[in-house]
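Examining the three-dimensional arrangement
Each chain, written out:
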Amino acid sequence: MPNTVMSSFAHNFLGRAPVWYKQVILLFLLVNPVAYYLLGPGFTGWMLIGEFIFTLAMALKCYPLLPGGLLAVEAMLIGLTTPDAVYLEVLTNFPVILLLMFMVAGIYFMKDLLLLTFTQILVGVRSKSALSLLFCIVAAVLSAFLDALTVTAVIISVAVGFFSVYHKVASGKGYQHKDHNANSDDEVIELHREDLENFRSFLRSLLMHGAIGTALGGVTTMVGEPQNLLIAKVVGWDFAGFFMHMAPVSMPVLVAGLITCWGLEKLGWFGYGTRLPKPVRQVLEEFAENERIKRTKSDQAALWVQAFAALVLVAGLAFHLAEVGLIGLLVIILITSFTGITDEGQIGKAFQESLPFTSLLVVFFAIVAVIHEQHLFKPVIDFVLALPEAQQPGMFFIANGVLSAISDNVFVATVYISEVKQALEAGAISNDHFQTLAVAINTGTNLPSVATPNGQAAFLFLLTSAIAPLVRLSYGRMVVMAFPYTVVMSSVGLFMVINQV
């Protein structure tokens, strides 16, 4: 423990982040003002982008809101942007803020229904290939109408629940046993160790299939990913219009992704193919039946309310009856009103998952304001727009894909769609070509970004969740397991973007 006030400041700065990481962030904060006055705002702006991408890539060391927020505040203090410019960016993208605040919180109250859905799939389908395909399809469909981050949270909840159940049994306890530490294998009976390891491999593959499914479905609609809504608002597409413009690319990619899912399970490559051990299946079936018996009439009524709210949600989105975030607020009001959730503390828990990422998104917009104020991406945009018109969509897809894989797809999409919009307003491109480039930007940020956990919020959420250490799902293992999907989805996506009509 630190024994002086100064050492306490150093210890508290960025909390439990490694010392070298703290030193790097401090170095950034010290160098930026010097670079601004010696090398100019343009060079410093590019430095800031690199530093911000570094905080995203190192998200497992420290949540990017903190170091990224410090960099954004400093950018305003030294004159790279202004508070008014940041506010304008936030105001322009307010529908995305509403989506994250209310839609994710609304789906929180539907978790029982979603949990039941995935549970029935897990214990009801015996073929591993069919089970993986179903997980991928259900995750894709739910992500298209709900939110990839929340769907991933549901899958994680299912996996944690079932792993904990079997881990208790493997440790010689009943699945009703309380106060069990599923993170430790010390009490696991030797007879069950092989089954436990196979179960870990089984769950890893299902988690990755489900996560990929959220990307396959998330690219198709304006609510699937945060940047989709942003792009839709800039271009002027409604829910149906967005789907129709993306379909020539997203539908072939969806088919290719599902074929890849099936093939990986059949071939057993890249860590896939492990079947559910019979002793584990028996335990899980007994547990599911016990939960069914315990379900009260009140619980059943709550499930019906959640199902009705889901129908209202889908109808509201499909017919664009209101702003997406407001439909999410409606879901919150309906479910809480008719399921007896009236305590402020209970309702507040629903916002715990969405608000940190919402705050991080506002920091994104501060960095975007720097890019706009300093016109940093203009040379890149001008270079691509100077190419023959037929080559531009493919180049945008590649550029967005590479940047999204190493940083974050929301950040990249925000920057590129804004720059292309400026080109449209300047008369450099036609409206039809602008919409074609919007398709390339959306698919480019959504598809290749599955290559790394930091490319998509849902993947990063999976990596930092409670299930990752339980099933030994590391950063490197996620990259390896995502690799075949990355190759297939990116290749098909690029081909369709180049050849879209």
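None of the values given here were measured: they were computed from a predicted structure.

Another aspect to go through is the nonpolar core. Formed by 161 residues in total, the largest nonpolar core has its most connected members in Phe-199, Phe-396 and Phe-411. Those residues in contact with Phe-411 that lie beyond four places of it in its chain are Ile-49, Phe-52, Ile-53, Phe-364, Ile-367, Val-368 and Ile-371.

A separate point is the packing of aromatic side chains. Counting across every chain of the model gives twelve aromatic pairs. Ring centres 6.4 Å apart and planes at 85 degrees place the aromatic pair Phe-102 and Phe-351 in the edge-to-face group. Of this pair, Phe-102 sits in helix α6 (residues 94–108) while Phe-351 sits in the loop between α16 (344–349) and α17 (355–374), and the two are 249 residues apart along the sequence. Residues Phe-102 and Phe-351 agree in their burial class; the two are buried. Taken together, a centroid distance of 6.3 Å and an interplanar angle of 15 degrees make the contact between Phe-163 and Phe-199 stacked. Taken as a pair, Phe-163 in helix α9 (residues 148–170) and Phe-199 in helix α10 (residues 190–218) lie far apart in primary sequence, 36 residues in all. By relative accessible area, which is 0% here, Phe-199 ends up buried. Feature note: the residues Trp-20, Tyr-21, Phe-28 and Phe-54 constitute an aromatic cluster, connected by ring pairs.

Attention now goes to the packing of helix α12 (residues 239–267) against helix α21 (residues 431–446). Between two packed helices, both the angle of their axes relative to each other and the distance between the axes serve to describe the pair. Two numbers describe how α12 lies on α21: the axes approach to 10 Å, and their chain directions differ by 70 degrees. With respect to their mutual orientation, α12 and α21 come out roughly perpendicular. Seen along the crossing, α12 lies across α21 with a hand that is right-handed. For the pair α12 and α21, the contacting residues are Phe-242, His-245, Met-246 and Val-249 in the first and Gln-435, Ala-438, Val-439, Asn-442 and Thr-443 in the second. The residue inventory of the contact of α12 with α21, partitioned by class, reads five nonpolar, four polar and no charged.

Note that side chains of opposite charge can pair when their charged atoms are close. Enumeration according to the criterion identifies two salt bridges in this entry. Lys-128 is the salt-bridge partner of Glu-265, the closest N and O atoms lying 3.1 Å from each other. Within this pair, whereas Glu-265 is found in helix α12, its partner Lys-128 is found in helix α8 (residues 128–145), the two being separated by 137 residues in sequence. Look at Glu-265 and you get buried, because its relative accessible area is 6%. With a shortest N-O distance of 2.6 Å, Glu-197 and Arg-200 are connected by a salt bridge. Separated by three residues within a single helix, Glu-197 and Arg-200 lie in helix α10, roughly one turn from each other.

What counts, and where the lines are drawn
- Residues numbered from 1 in each chain as written.
- Predicted model: local features only at pLDDT ≥ 70, side-chain atom pairs only at ≥ 80, totals over all residues.
- Heavy atoms only, no water.
- Core = buried A, V, L, I, M, F, W, Y, C linked by side-chain atoms within 4.5 Å.
- Buried < 20%, exposed > 50% of the residue type's maximum accessible area, 1.4 Å probe, protein only.
- Contact = heavy atoms within 4.5 Å.
- Phe/Tyr/Trp six-rings, centres within 6.5 Å; stacked < 30°, edge-to-face > 60°.
- Helix = DSSP H or I, 4+ residues; strand = E, 2+ residues; numbered from the N terminus.
- Axes fitted to C-alpha atoms, helices over the stretch in contact; angles between N-to-C directions.
- Parallel < 35°, antiparallel > 145°, perpendicular 65-115°, else oblique.
- Left-handed = near helix turned anticlockwise from the far one by under 90°.
- Nonpolar A, V, L, I, M, F, W, Y, C, P; charged D, E, K, R; others polar.
- Salt bridge = Lys/Arg side-chain N within 4 Å of Asp/Glu carboxyl O.

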